[in-house]
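Single-letter residue listing:
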Amino acid sequence: MKIKDIIKQNKVTLSFEVFPPKTDHTYDSVERATNKIAELKPHFMSVTYGAGGGSSKYTVNIASNIYNQLGVASLAHLTCVSSTKEEIHQMLTVFKENNIDNVLALRGDIPKNGNFPLPGHYQYAAELIKDIKVHGDFCIGGACYPEGHVESLNKETDIRYLKEKVDAGCDFLTTQMFFDNTILYNYLYRIREKGITIPVIAGIMPVTNGKQIKRICELSGTYLPTRFKAIVDTFGDNDKAMKQAGIAYATEQIIDLIANGVKGIHVYSMNKPEIAASIKNNLLDIINS
Ligand code: FAD
């Protein structure tokens, strides 16, 4: 089941993300969370991939379970920063053997203490995308950054490289999280102007841990609107209150996106079925309208 065919139906889509376990010990709990999220019948579910590739077998197992056992389309992330081309080709074969049709093709963050790029390795996601096209009939997604990728000099060059990535064979893009929808609207305008016309799925993070999100945003340069900062400052130390406020904020963001014509909504649900369920419930009539 290819995500590009789901998108073609031109309806609002709601998808959820899970991350794989790092060890065998926690596999069962991640699988239980995945099963519960799948019960919500999202349009698809994505499974992240460790940049080092170490937990790749879990990504495959979880993505395979989502599609083959639970009947929900699955999107396996794949990073290439720490893998040889041969390792990536082997992974694509494993995806195919497991009926995984959709790949989010990523470079991954550059390892802090490693040489980059290693000779014969991939340097950018665009090279990975070209290679995936040659190795099978996959539906390919790519990442995009409404506020610019941290390494890029400015948004203009980032969009120029994004165009190269799209031209390499992306079928859709998923955005990094953002907390101010006007940033996405401006970005969509700019990329459309540069000829990037493929569907863009908005990545929404329901924030349930105030301190953590402040740290993440400082590192990634994600803008925190005053309204959002006030919520984190007020409720950040109270887990239950922060969860309720975070879900409400994300719901409001999603409703505004849908009202402004954004059709693809991807929720960074972080293995938390109760958060995915709350968001889905808040949108029941909106998604089916
Ligand atoms: P690229 O598209 O290769 O871009 C990386 C940088 O290089 C950008 O600054 C770009 O402007 C620049 N660039 C591109 N082409 C050129 C060129 N030809 N010349 C010069 N500069 C160029 N990470 C994980 O480890 N696992 C995951 O599962 C994961 N999932 C993600 C899902 C989404 C939706 C997003 C938005 C990010 C995800 N990431 C994940 C993080 C991602 O791996 C990092 O942000 C990484 O640093 C960049 O990956 P990319 O695929 O966007 O890289």
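Our structure is the block above this text.
The notes below deal with the structure included here. (Residues numbered from 1 in each chain as written. Predicted model: local features only at pLDDT ≥ 70, side-chain atom pairs only at ≥ 80, totals over all residues. Heavy atoms only, no water.)

### Re the pattern of salt bridges
The condition that has to hold: Should a side-chain nitrogen of Lys or Arg be within 4 Å of a carboxyl oxygen of Asp or Glu, the pair is scored as a salt bridge. Counting from the N terminus, the helices are DSSP H or I runs at least four residues long and the strands are E runs at least two residues long.
Inspection of every chain in the model, using the stated rule, returns ten salt bridges. Across the salt bridge formed by lysine 243 and glutamate 274, the nearest N and O atoms sit 3.0 Å from each other. Here glutamate 274 lies in helix H11 (residues 273–287) and lysine 243 lies in helix H10 (residues 239–259), a separation of 31 residues in the sequence.

### As for helix H2 (residues 27–38)
Quick note on the threshold: A helix is expected to span 1.5 Å multiplied by its residue count minus one. The classification of residues rests on relative accessible area computed with a 1.4 Å probe and restricted to protein chains. Under 20% of the type maximum is buried, over 50% is exposed, and intermediate values are partly exposed. This arc corresponds to the set of directions leading from the helix axis out to the C-beta atoms. Only heavy atoms matter for contacts: two residues are in contact if any of them lie within 4.5 Å across the pair.
Its twelve residues place the ends of H2 16 Å apart at the C-alpha level, agreeing with the 16 Å of an ideal helix rising 1.5 Å per residue. Residues of H2 that are buried: Tyr27, Val30, Ala33, Thr34, Ile37 and Ala38. Viewed along the axis of H2, the buried residues span an arc of 135 degrees, placing them on a single side of the element. Looking at the packing, one finds that the buried side of H2 touches strand S1 (13–18), strand S2 (44–47), helix H3 (56–69) and H11.

### Quick look at the environment of aspartate 167
Along the polypeptide, aspartate 167 turns up in helix H6 (residues 155–167). Residue aspartate 167 is classed as exposed on the basis of its relative accessible area, which comes to 54%. The spacing of aspartate 167 and proline 199 is 32 residues in sequence and 13 Å in space, taken between C-alpha atoms.

### Quick word on the packing of H10 against H11
Quick reminder of the rule: Axis angles are defined between N-to-C directions and span 0 to 180 degrees, where every axis is a line fitted to C-alpha atoms and, for a helix, only to the segment in contact. In a left-handed crossing the near helix is turned counterclockwise from the far helix by less than a right angle, and in a right-handed crossing that turn is clockwise. Note that Gly is not counted as nonpolar here; it falls among the polar residues with everything else outside the nonpolar set of Ala, Val, Leu, Ile, Met, Phe, Trp, Tyr, Cys and Pro and the charged set of Asp, Glu, Lys and Arg.
With their axes 10 Å apart at the nearest point, H10 and H11 run at an angle of 40 degrees to one another. The crossing of H10 and H11 is right-handed. On the side of H10, the interface is formed by Lys243, Ile247, Ala250, Thr251, Ile254, Ile255 and Ile258, while H11 contributes Glu274, Ile275, Ser278, Ile279, Asn282, Leu283 and Ile286. Residues of the contact of H10 with H11, tallied by class, amount to nine nonpolar, three polar and two charged.

### Examining the site of the ligand
We count it as follows: Proximity criterion: a residue is near a molecule or strand once any of its heavy atoms comes within 4 Å of it. We define a polar contact as two N or O atoms separated by no more than 3.5 Å, with the added condition that, inside protein, one atom must be a possible hydrogen donor and the other a possible acceptor, whereas residues neighbouring each other in sequence contribute only through side-chain atom pairs. Note on areas: these come from Shrake-Rupley sampling with a 1.4 Å probe, and a residue is covered only by the protein chains present in the view.
Tyr49, Asp109, Tyr145, Asp158 and Lys165 are the nearest of the 25 residues found near the ligand. Between alanine 125 and the ligand, the recorded distance is 2.8 Å, taken from a backbone N or O atom to an oxygen atom. Contact between the ligand and tyrosine 161: a nitrogen atom at 3.4 Å from a side-chain N or O atom of the residue. Taken by itself the ligand offers 980 Å² of open surface, and the protein chains cover 85% of this. When residues of the shell around the ligand are traced back to their parent elements, those giving at least two are strand S3 (73–79), strand S4 (102–106), H6 and strand S6 (172–175). In terms of residue count, H6 provides more of the shell around the ligand than any other element does, four residues in total.

All quantities given are derived from atomic positions and should not be read as evidence of function.
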